[in-house]
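The chain contents come next:
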Amino acid sequence: MTFVNSPSDRLLGIYLALGQYPILRSRIRNRMLERLFDKGIITPESFEAEVREKAVRSQKREGMLASSQAEELPEVWELRLGRIRYHVIELMFSEYFSFKEFEDIVNEILSERGITKNDLRLAINPELAPLELVFEQAMTIEKLPPLERKQYEARLLESKVVIIRSMISDQLRYINVAKDWFTLSDLAEIKRRIIGSGRIGGKAAGMLLAARIIRETGSETLRSSIRVPESFYVGSNEIYTFMSINNLIHWNDQKYKSEGDMRDEYPTIIEEFLKGEYPPGSIEKFQSMLAMVGCRPLIVRSSSLLEDNFGMAFAGKYESIFLPNQGSLKDNLRELKKALALVYASTLNPAALLYRRRRGLQDYDERMAILIQVVEGENYNKYYLPHGAGVAFSRNLYRWAPQIRSEEGFVRLVWGLGTRAVDRVGNDYPRLIALSHPLLRPSSEPKAVRRYSQQFVDLIDLEKNELVTLPIHDVLDSRYPPLRYLVQVDEDGYFTPLRINLSGSDNRRLVLNYDEMLKRTAFAKHMKEILSTLEKYYRGPVDVEFTIRIKNPEAIQPQVIITLLQCRPQSHLAASEKINLPAGLGAQDIVFSTQFVVPRGFIERIDYVLFVPPEGYFALPTNADRVKLARAIGELNNNLTRESFICTGPGRWGSSNSDLGVPIDYSDIYNTRALVELAGQGVGPEPEPSLGTHFFQDLLESQIYPLAIYLDADTTVFNRKFFYDTPNRLDEFVKNVDESLLSCLKLIRVSDFAPDRYMQVVMDDEKNQAVAFLKDENI
């Protein structure tokens, strides 16, 4: 598919760039006018009359009297005549002469002055010239003999920077890295796949840069195992075209509205965006892309200008939508347009707008580019899915064993589409892999291994033409080619490799844990190399989203193909010195203590605790009541801006299933210092490390410590008297409190429980213990 301009358009760019050389441009126009006169197309008198007539018409359009050129100053009138004269020359010449004749005139004028096209290309200012001409200049330099090229290396680098900034990203930290890696061929290939105008956005930018770095610096075996999906890019300017032609521009001020207005109006925004139409030129390009892709499934992904940037990941803030793409061209186009509209509408998603407000990005012109990719995977029976997908981090901030080396990173891996790796889904678990010790699990107890293995898979049902979630045992069978690398067999508490074909009933003994792949392939080694390499050249920790394909599953040591989908700087907690756990604490001083996957950290002062009593929460009769609670928590979060507080409550906060935890999102709790999730019998699902989810990334980015307390563990301390017997200060911070919320939402002031005292939290990652305790004001 070609979306670039033709060679004639590129030469026209040279002519347009002569605006930097007004004498040359004037000579070219005069020569064009002479040709018009010589061919008898128009006489000088008629030409001037037409110019004056058009000038008077332009005055009328501006509201001036038709009869009076005297209303204008003479110099303004002459400027008007001059500009219209130029336009008339160019219009008439284009009607009566070929482009070859125009090219001959340009070359004549340049030759008369001793200027070649190369001279002109090398002399233009990349900051002002059309992008096509900047490409021409850079390619001209690349083709020069080595000795001659040497003097233009700085200009070549400047041209590359201008192209990257104009076409990919204007973020300086990104440009500082990207300029050293992208070649002109890379940039030209990106441009070839852009639909419309504008930049391709942060998500696309990160994926392309990561792949370029690995292909340049990776080991030979890694380079042969790395790829990126087939991709197309809808430029960031197209969102404004879409909004303009559909009268949606009035929604652009949403970012300055109150949180309540944002939430109330967002459903209307979605509805109006879905009714939008696209320019005919865009429709043609969408159809061409769909024809090229055929019936392969697609994913339409947000790629805003700020997304996946340094210090601001926007993880999960905008939409990404799978398209099975199994209908007719007309049906597939309809679904594509719908997906594009939903991604555009998500730019005004309250969670995204509040995130921007919190991060000081509210005033930035956050345009939405869109990344359209062929979904990585393969057909199996009537389904389409990859052999694995996940997210990998170059730094393991939550070690579950002291021997784990945090600098070697970790992976969150699932079978099927990667949605279950990055979202807090239902009662299900990905495989967590510490790359320093790939086979070391958070728990080695057989029941726990089975319990915390993946139970459901997200995939595309090709017959139903939709994304579905199914139990893994409904999909897995002995004919699945990579099966023996994905699963082990539970032999009465011992997990053994799959050596024989199992019958349907025996499939239930399969445990999806990827142990055999980790033992028998270079996957872990390659992931370590990818992460360490990217961290080196990104000049900081990174996280990467990917898919895997086991290329030759019948081989003794099969090759694992890793497809890079995304790369961004890793969110992390600020580095802190180790603070030892306090000695000699009395039981009455401890508010809680936990030994479940603890990071290193310290919260110096906490004055309030937002507490959701598990009994009250699970007594709420409907999902709507739980959403009402979440909104109340959001209001309380906003009103506690000047206070130091933590949140504590049952289950997996931020889960898509309110039966498993409080259905807040990041915008409801961004002022808290820690999120402490409670689990245990009758309290909530067993604690699940949320490492690697979008929600987890939000917490780390805002320096919010995620902690979990398993109330049934013998090592846990939970001071019920503090949480249940201390007065509720909710009505001091929330006006007109709904009485139905009083049983499920408390605001505890620490000094009400212990006068003249406040709370501190010390987290020791080496001992894997966090303790919250009371401290005297006077000490």
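Residues numbered from 1 in each chain as written. Predicted model: local features only at pLDDT ≥ 70, side-chain atom pairs only at ≥ 80, totals over all residues. Heavy atoms only, no water.

Asks: Describe the pairing of strand β17 (residues 542-550), listing the residues and the values that go with them.
Replies: Of all 9 residues in β17, 8 are buried; the element is thus mostly enclosed. Pairing between strand β9 (residues 388-393) and β17: 6 bridges, direction antiparallel. Note that in β17 the partner of Val 391 across the bridge is Glu 545. Pairing analysis gives 9 bridges linking β17 to strand β18 (residues 560-569), with the strands arranged antiparallel. For Val 544, the partnering residue across the bridge sits in β18 and is Cys 567. (Buried < 20%, exposed > 50% of the residue type's maximum accessible area, 1.4 Å probe, protein only. Helix = DSSP H or I, 4+ residues; strand = E, 2+ residues; numbered from the N terminus. Pairing = 2+ DSSP bridges.)

Asks: So what's going on with the packing of helix α7 (residues 131-142) against helix α11 (residues 184-192)? Which residues, and what values?
Replies: To describe two helices that pack against each other, one gives the angle between their axes and the distance between the axes. Taken N-terminus to C-terminus, the directions of α7 and α11 make an angle of 150°; their axes are 11 Å apart at the nearest point. Regarding the angle of α7 to α11, the classification is roughly antiparallel. Handedness of the α7/α11 crossing: left-handed. For the pair α7 and α11, the contacting residues are Leu 131, Glu 132, Phe 135, Ala 138, Met 139 and Glu 142 in the first and Leu 184, Leu 187, Ala 188 and Lys 191 in the second. Residue classes in the contact of α7 with α11 are distributed as 7 nonpolar, no polar and 3 charged. (Axes fitted to C-alpha atoms, helices over the stretch in contact; angles between N-to-C directions. Parallel < 35°, antiparallel > 145°, perpendicular 65-115°, else oblique. Left-handed = near helix turned anticlockwise from the far one by under 90°. Contact = heavy atoms within 4.5 Å. Nonpolar A, V, L, I, M, F, W, Y, C, P; charged D, E, K, R; others polar.)

Asks: Provide a residue-level description of the sheet that holds strand β16 (residues 510-512), including the pertinent values.
Replies: Taken together, the 3 strands give an open sheet; going across it, the order is β15-β14-β16, and neighbouring strands pair in antiparallel fashion. The two strands at the open ends of the sheet, each matched to only one other strand, are β15 (494-496) and β16. Here the average twist between neighbouring strands, direction ignored, is 40°. Pairing between strand β14 (residues 487-491) and β15: 3 bridges, direction antiparallel. Of the residues in β15, the one forming a bridge with Val 489 is Thr 496.

Asks: Describe the nonpolar core, naming the residues involved and giving the relevant values.
Replies: Trp 415 and Phe 523 are the most contacted members of the largest nonpolar core, which has 82 residues in total. No other element matches helix α12 (residues 202-217), which puts 9 residues into this core. When sequence neighbours within four positions are dropped, the list of residues in contact with Phe 523 reads Val 411, Ile 433, Met 517, Leu 518, Phe 546, Ile 548, Val 560 and Ile 562. One finds Phe 273, Leu 290, Leu 306 and Ile 321 within the second-largest nonpolar core, a separate group that totals 42 residues. (Core = buried A, V, L, I, M, F, W, Y, C linked by side-chain atoms within 4.5 Å.)

Asks: Provide a residue-level description of the environment of Ile 550, including the pertinent values.
Replies: Looking at where Ile 550 falls in the secondary structure, it is placed in strand β17. Separated by 209 residues in the primary sequence, Ile 550 and Met 759 place their C-alpha atoms 51 Å from one another. Beyond its immediate stretch of four places on either side in the chain, Ile 550 contacts His 387, Pro 482, Tyr 485, Leu 486, Met 517, Pro 558, Gln 559 and Val 560.

Asks: I'd like a description of the state of the cysteines, backed by residues and values.
Replies: For the structure on display, the rule yields 0 disulfides. Left unpaired, Cys 647 is separated from the closest cysteine sulfur, that of Cys 744, by 14 Å. The class for Cys 647 is buried, based on a relative accessible area of 1%. (Disulfide = S-S within 2.5 Å.)

Asks: Could you give an account of the packing of aromatic side chains, naming the residues involved and the relevant values?
Replies: What describes a pair of aromatic rings is the distance from one ring centre to the other and the angle between the planes of the rings. Enumeration over the complete set of coordinates arrives at 22 aromatic pairs. Aromatic pair Phe 722 and Phe 753: ring centres 5.2 Å apart, planes at 75°, arrangement edge-to-face. On the criterion of sequence distance, the pair formed by Phe 722 in helix α27 (residues 720-725) and Phe 753 in helix α28 (residues 750-753) is long-range, its members being 31 residues apart. The class for Phe 722 is buried, based on a relative accessible area of 0%. On the basis of relative accessibility, which here comes to 23%, the residue Phe 753 falls in the partly exposed class. Through a chain of ring-to-ring contacts, the aromatic side chains of Phe 611, Phe 718, Phe 722, Phe 723, Tyr 724 and Phe 753 assemble into a single cluster. We note Arg 605 situated over the ring of Tyr 758; from NZ or CZ to the ring centre the distance is 4.3 Å. If you follow Arg 626 out to its NZ or CZ, it ends over the ring of Tyr 617, 5.0 Å from the centre. (Phe/Tyr/Trp six-rings, centres within 6.5 Å; stacked < 30°, edge-to-face > 60°. Lys NZ or Arg CZ within 6 Å of the ring centre and 35° of its normal.)

Asks: Account for the environment of Lys 578, with residues named and values stated.
Replies: In this fold, Lys 578 is placed in the loop between β18 and β19 (590-594). Relative accessible area serves as the criterion here: at 36%, Lys 578 is assigned to the partly exposed category. Residues Lys 578 and Gly 601 lie 23 residues apart in sequence; the distance between their C-alpha atoms is 7.4 Å. Other than its neighbours up to four places away in sequence, Lys 578 contacts Arg 600, Asp 764 and Glu 766.

Asks: I'd like a description of the side chain of Glu 376, backed by residues and values.
Replies: For Glu 376, the location among the structural elements is in the loop between β6 (368-374) and β7 (378-380). Reaching out from Glu 376, the side chain makes a polar contact with the side chain of Arg 227 at a distance of 2.7 Å. Side-chain polar atoms of Glu 376 contact the side chain of Thr 563, separated by 3.4 Å. Apart from the residues within four sequence positions on either side, Glu 376 is in contact with Arg 227, Pro 229, Tyr 384, Leu 385, Pro 386, Thr 547 and Thr 563. (Polar contact = N/O pair within 3.5 Å; in protein donor to acceptor, adjacent residues only side chain to side chain.)

Asks: Lay out the confidence of the model for the protein with the relevant residues and their values.
Replies: Chain-level statistics for the protein give a pLDDT mean of 88 and a share of 92% at 70 or above. Here residues 1-12 is modelled with pLDDT under 50, and outside its nearest four sequence neighbours on either side it reaches 25 contacts, counting other chains as well. (pLDDT = per-residue confidence, 0-100.)

Asks: Outline the pairing of strand β24 (residues 705-710), listing residues and values.
Replies: Judged by how many residues are buried, β24 sits mostly within the fold: 5 of 6 residues are covered. One ladder, built from 6 bridges, connects strand β23 (residues 674-679) with β24; its direction is parallel. Bridge pairing in β24 places Leu 675 opposite Pro 706.

Asks: Explain the environment of Arg 539 to me, and be specific about the residues and the numbers.
Replies: Relative to the helices and strands, Arg 539 is located in the loop between α23 (523-538) and β17. Look at Arg 539 and you get exposed, because its relative accessible area is 55%. Counting along the chain gives 30 residues from Arg 539 to Pro 569, while the straight-line C-alpha distance between them is 9.1 Å.

Asks: Could you give an account of the sheet that holds strand β22 (residues 645-650), naming the residues involved and the relevant values?
Replies: A sheet is described by the order of its strands in space; here 5 strands give the open sequence β24-β23-β22-β21-β26, paired in mixed fashion. A strand with exactly one partner marks an edge of an open sheet, and here the two such strands are β24 and β26 (746-749). Here the average twist between neighbouring strands, direction ignored, is 20°. Bridge count for β22 against β23 is 4 bridges, and the pairing is parallel. Residue pairing across strands places Cys 647 opposite Leu 675, the latter belonging to β23.

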